[in-house]
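Listed here are the chains, written in short residue letters.
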Amino acid sequence: MPVKREEDSCSTQLIDGNGEFNAKGLDNFTSTVKLTRCGLSYAVVAIMGPQSSGKSTLLNHLFYTNFREMDAFRGRSQTTKGIWIAKAIGIEPLTIVMDLEGTDGRERGEDDTTFEKQSALFALAVADVVLINMWCHDIGREQAANKPLLKTVFQVMMRLFSPRKTTLLFVIRDKTKTPLEYLEPILREDIQKIWDGVRKPQAHKDTPLSEFFNVEVTALPSYEEKEEQFKNQVAQLRQQFFHSISPGGLAGDRRGVVPASGFSYSAQQIWMVIKENKDLDLPAHKVMVATVRCEEIANEKFGSLMINEDWRALEHEVHEDAVRNFGRRLSSILDDFLSEYDAESVFFEENVRSLKRQQFLSKALQLVHPAFISQLGHLRDKSLEAFKTQLEQSLRRGEAFAASVRKCADSTIIEFDKGCSDAAVRHANWDASKVRDKLHRDIEAHASSVRNDKLSNLKATYEKQITAALAEPIESLFEVGGSDTWASIRKLLKRETDVAISCFSPALSGFELDQDTFDRMMQNLKDYARSVVEKKAREEAGKVLMRMKDRFNTVFSHDSDSMPRLWTGKEDIKSITKESRSESLKLLSVVAAIRLDEKPDRIESILFSRLLEGTFSIRDRDRGDSGDPLASSSWEEVSRENTLLTPVQCKSLWRQFMAETEYTVTQAISAQEAYRQSNNLLPPAWAIMAMIILGFNEFMLLLRNPLYLLVLFVVYLLGKALWVQMNIPGEFRNGILVGLISISSRFLPTVADLLRRLAAEAQGNPAPEASRTTHHVASQSFRSQVNSPNPVSSSVSSSSNISTENDFEYMSPQLTHRRVTQMEQEESS
């Protein structure tokens, strides 16, 4: 056995008997033993156990320390006060040994166990290995085996400190003849029961004992009776502390180990936490018994409450719907269980009994509180539905909206407060203000929703009214398209807007809107009326070309009395065309911009000067002019928002308009010329004079021989008949060549037919209709085989087909065939 060097152990009192921490002494100790140089290579061993159980003696033999030992000749008394530390001699790595004040000492008394618990908790929190020194004959006992102490230390340690695995080495002193293998299971079973009975935090509810502690058991003979044997076994036990921090050693689990340089500060902070924790200031034994028993009674009553039939039935009812007399029924149930608790705990200490009763009541109220919340929820739902129904009925009766909301809300809240009073539990001062506030918010939300719907419907009604009042009149005004169009539109807009506002304002009064909202809704209605006008204006701008062409055709084709024009040759087509284009251009200038603000502009003058009065024409459409006001994308006096047609767009539309109306003018000119030609039956004057001079001799011959006049008259009648019968003008209308071919093919049959008819008339028998019909069908079939060009327009044809009353009309081949067929059907009938 090596020689002990007591001068090297540096024994120092770390904590005195009053719980004062010796920080300066710990600093001197760590400096002397050079602890700060060790890093993580050090271990801490502590010992705890009953007073006068030989703890200091065991440490001095095990680690060669010089802790003060009890003098047997002075009697059994407290030797170690507080907590002492020393350095283990001859053991690697550096091992710090802590000697704790003995438990269950008569010096501190029965009730002063706080320091014992604090020192034990400190040892478990700091040490890697804790030796629990106990007598062999105390195994199975309660107090002597330190079971209450361990229970308290286990419980508080889990709450105060993070898990670290500590080795609990139970050292059984003065081993008897009972073998260790029989004692060890009993000891381990007791430790497991202590662990299982400890109330654990939620985080460690299912944590096993092995997660916090590694339990080891050893036994030593009596030091006084078997000293040599005791020393030999202690020497064997000493070997286990060599390299104790290595894997598999006594201190092998190094979770959360503090570096050696921070050991002094760490130990001081741990002791501070332990000292300030009030849970360690536990009562004495009789208070502890009252605490345990009252807690058991309270837990038993709480368990009975959970399965109570009355409570379960009430819980089921309130889950489905609101329950009448809910508070009275629930209070009665709680009163019964509190009475039972009071009866069973009457003989225990008053303070503990009251505390546990309050805890039981608190748990019971936590259990029934969801049912109370459900009751309030049902009351809130029913109140809200009642509010909705009352409000709807009130509005149907025509009452003002705001007044109806106030009246219905007040009655609803009164009924809800009555329901809350009925649901109140006497034992709890539960506040229903949050549910009441929620009901207020729900009522306000529903009222706001209904108000918004009503306002939206009201707004939609008046918007529809404004649309109906403006849309068609505005469209009609745009169709007229005069210089006063926009003035009429502004007047119409103001009148209809004022009418709508005058009706809309009283309709809003029942809602009691704030002034800003009221003004905003009035303005929105005015803006909507304006938007209707702007929308119609944009629609008209989109179809302005069609409107312009219609306007041109109307003015061009009708006179001042709205009668259709007949192009007889007397009309001034040029002036009519200019007037028609002027009216169309006026329509274009009207829809070029929105003029609701009565701001003057030069759009009409620019369009007339550039497009109508010769500055711009179709012939120079491809020529550009840098000074042209129409070569721009905006009007000078009009904003972009109010621009419907830009100058460039107006110029383009006018080009398209001119191109599409040019054909109408050409047709009118052609019709006028055709009319002149069809009505000019006399030859020119020079031809008449030539015929008089050159035909004088023939004229005199006719005068001398009247028979020639008769022959000429007969020839005239025959020629006239052939002219009408063969429809010579109609044949030549399709072309000279086609006309000659048609006449040559029909000439002989027509002459023969006329002769037959004359012969028949002379004999008094009318000619058969079949031959005439055959003649017309033959002539018509011949004409249908000849390709003819497209017919002339209706205006020209109508002017050139006029003849005398007694003659046939001058028609196209198709109309001639239709006329002949109709005549044949009338004769046959």
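Residue numbers restart at each chain and count upward from 1, following the sequence in its written direction. In keeping with the predicted nature of the model, local features appear solely for residues at pLDDT of at least 70, side-chain atom pairs appear and are counted solely at 80 or more, and the whole-chain, interface and lining totals rest on all residues. Side-chain calculation: all heavy atoms of the structure are included, whereas hydrogens and water are not.

Going by an unreviewed UniProt entry, the protein chain carries the name Protein ROOT HAIR DEFECTIVE 3 homolog and comes from Nicotiana sylvestris. UniProt positions are given in the numbering used here, feature names are shortened, and annotations may be inferred rather than shown by experiment. Quoted verbatim from the Sequence similarities (unreviewed entry) field of UniProt, the annotation for the protein chain is "Belongs to the TRAFAC class dynamin-like GTPase superfamily. GB1/RHD3 GTPase family. RHD3 subfamily."

Caption draft 1: Up close: the overall build of the protein chain. A helix here means a DSSP run of H or I that spans at least four residues, while a strand means a run of E at least two residues long, and both kinds are numbered starting from the N terminus. Looking only at helices and strands, the protein chain has 27 helices and 7 strands in total. Going through the 829 residues of the protein chain one by one, you find that 42% of them count as buried. Contacts are assigned to residue pairs with any non-hydrogen atoms lying within 4.5 Å of each other. Looking at the protein chain alone, contacts between residues at least 24 apart form 74% of all its contacts between residues at least 6 apart. Summed over all atoms, the accessible surface of the protein chain reaches about 46300 Å², with 53% contributed by carbon and sulfur. Burial here depends on accessible area, computed with a 1.4 Å probe over protein chains only, as a share of the maximum for the residue type. Under 20% is buried, over 50% is exposed, and the range in between is partly exposed. Using a 1.4 Å probe, accessible areas were evaluated by the Shrake-Rupley method; residue-level cover was limited to the displayed protein chains.

Caption draft 2: Spatial organisation of the side chain of Arg547. Looking at the secondary structure, you find Arg547 in helix H16 (residues 544-557). Note on Arg547: relative accessible area 15%, which makes it buried. Beyond its immediate chain neighbours, meaning those up to four positions away, Arg547 contacts Glu475, Glu479, Glu540 and Leu587.

Caption draft 3: Examining the packing of helix H10 (residues 326-344) against helix H11 (residues 350-396) more closely. Axis definition: a line fitted to C-alpha atoms, over the contacting stretch in the case of helices. Angles run 0 to 180 degrees between N-to-C directions. Taken N-terminus to C-terminus, the directions of H10 and H11 make an angle of 160 degrees; their axes are 11 Å apart at the nearest point. As summarised for this structure, H10 and H11 are arranged roughly antiparallel, according to the angle between their axes. In the crossing of H10 with H11, the sense of the turn from one axis to the other is right-handed. Here H10 contributes Phe326, Leu330, Leu334, Phe337, Leu338, Tyr341 and Asp342 to the contact with H11, which in turn contributes Arg353, Lys356, Arg357, Phe360, Leu361, Ala364, Leu365, Val368, Ala371, Phe372 and Gln375. Asp, Glu, Lys and Arg are counted as charged, while Ala, Val, Leu, Ile, Met, Phe, Trp, Tyr, Cys and Pro are counted as nonpolar; the rest, among them Gly, fall into the polar class. Classifying every residue of the contact of H10 with H11 gives 13 nonpolar, 1 polar and 4 charged. Any angle that is under 35 degrees is reported as roughly parallel, and any over 145 degrees as roughly antiparallel; angles of 65 to 115 degrees are reported as roughly perpendicular and all others as oblique. Crossing handedness: left-handed means the near helix sits turned counterclockwise from the far one by under a right angle, and right-handed means the same turn made clockwise.

Caption draft 4: How the structure looks around the packing of aromatic side chains. Any two rings among Phe, Tyr and Trp, with Trp reduced to its six-membered ring, count as a pair given centres within 6.5 Å; such a pair is stacked if its planes are under 30 degrees apart, edge-to-face if over 60, and tilted if neither. All told, the structure shown has 17 aromatic pairs when counted by the stated rule. Residues Phe552 and Phe657 carry aromatic rings whose centres are separated by 5.7 Å and whose planes lie at 85 degrees to one another, so their mutual orientation is edge-to-face. Of the two residues, Phe552 is situated in helix H16 and Phe657 in helix H19 (residues 647-679); the sequence distance between them amounts to 105 residues. Taken individually, Phe552 and Phe657 each receive the classification buried, so the pair is uniform in this respect.

Caption draft 5: Structural context of the pattern of salt bridges. Any carboxyl oxygen of Asp or Glu within 4 Å of a side-chain nitrogen of Lys or Arg constitutes a salt bridge here. What the rule picks out here adds up to 36 salt bridges. In this structure, Lys543 and Glu475 form a salt bridge, with 3.8 Å as the shortest nitrogen-oxygen distance. Of this pair, Lys543 sits in the loop between helix H15 (515-542) and H16 while Glu475 is found in helix H13 (residues 433-480), placing the two residues 68 residues apart along the sequence. Given the relative accessible area of 28%, Lys543 is considered partly exposed. Each of Glu475, Glu479, Lys536, Glu539, Glu540, Lys543 and Arg547 takes part in one network of salt bridges that share partners.

Caption draft 6: Spotlight on the UniProt feature "transmembrane region" (unreviewed entry) in the protein chain. As recorded in UniProt, the sites labelled "transmembrane region" (unreviewed entry) are residues 707-726. Across residues 707-726, the secondary structure splits into 100% helix and 0% strand, with the terminal C-alpha atoms separated by 28 Å.

Caption draft 7: Just the sheet that holds strand E4 (residues 94-100), in detail. With mixed pairing, the 7 strands of this open sheet are ordered in space as E1-E3-E4-E2-E5-E6-E7. One side of each edge strand has no neighbouring strand; the edge strands of this open sheet are strand E1 (12-15) and strand E7 (213-219). Along the sheet, successive strands turn relative to each other by an average axial angle of 25 degrees, direction set aside. Along the sheet, helix H1 (residues 23-32) contacts E1, strand E3 (83-87) and E4; its crossing angle with E3, the most-contacted strand, is approximately 10 degrees. Strands pair, by our definition, only if DSSP identifies at least two bridges between them.

Caption draft 8: Representation of the environment of Gln239 within the structure. With respect to the helices and strands, the residue Gln239 is situated in helix H6 (residues 227-239). For Gln239, a relative accessible area of 53% translates into the label exposed. A C-alpha to C-alpha distance of 9.3 Å links Gln239 and Leu62, two positions 177 residues apart in sequence.

Caption draft 9: Up close: the side chain of Thr30. On the secondary structure map, Thr30 appears in helix H1. The term polar contact refers here to a pair of N or O atoms within 3.5 Å; inside protein, the definition further demands a hydrogen-donor-capable atom paired with an acceptor-capable atom, and it admits residues adjacent in sequence only when both atoms are side-chain atoms. Only 2.9 Å separates the side chain of Thr30 from the backbone oxygen of Asp27, close enough to count as a polar contact. Beyond its immediate stretch of four places on either side in the chain, Thr30 contacts Leu35 and Thr36.

Caption draft 10: View of helix H14 (residues 485-509). Taking 1.5 Å as the rise per residue, H14 with 25 residues should run 36 Å; its terminal C-alpha atoms sit 36 Å apart, in good agreement. Here H14 has its buried residues at Thr485, Trp486, Ile489, Leu492, Leu493, Glu496, Thr497, Ala500, Ile501, Phe504 and Leu508. Those residues of H14 that are buried are in contact with H13, H15 and helix H17 (573-590). What a helix is expected to span follows from its residue count: subtract one and scale by 1.5 Å.

Caption draft 11: A look at the packing of helix H9 (residues 309-320) against H11. Between H9 and H11, the least distance of the axes is 8 Å, while the angle of their chain directions is 30 degrees. In terms of axis orientation, H9 runs roughly parallel to H11. Viewed along their axes, H9 and H11 form a crossing whose handedness is left-handed. Contacts from Trp311, Val318, His319 and Glu320 in H9 reach Leu367, Val368, Ala371, Ser374, Gln375 and His378 in H11.

Caption draft 12: Structural context of unusual backbone geometry. Geometrically, the link from Glu92 to Pro93 is a cis peptide bond, its omega value of 0 degrees lying close to zero. Along the chain, Pro93 falls in the loop between E3 and E4. You will see that Cys10, though not glycine, has its phi angle at about 55 degrees, which is positive. Mapped onto the elements of the fold, Cys10 is located in the segment before E1. Despite not being glycine, Ser562 shows a phi value in the positive range, around 60 degrees. Here Ser562 shows up in the loop between H16 and H17.

Caption draft 13: Molecular detail of the confidence of the model for the protein chain. pLDDT is a residue-level measure of predictor confidence that goes from 0 to 100. Put simply, the protein chain has an average pLDDT of 79, and 81% of its residues get 70 or more. Taken element by element, the protein chain is modelled with least confidence in helix H26 (residues 794-800), mean pLDDT 34, and with most confidence in E3, mean pLDDT 93. Ignoring residues within four places in sequence, the model shows residues 281-286, a span with pLDDT below 50, making 8 contacts including any to other chains. In the model, residues 615-626 has pLDDT below 50 throughout and makes 14 contacts with residues more than four positions away in sequence or in other chains.

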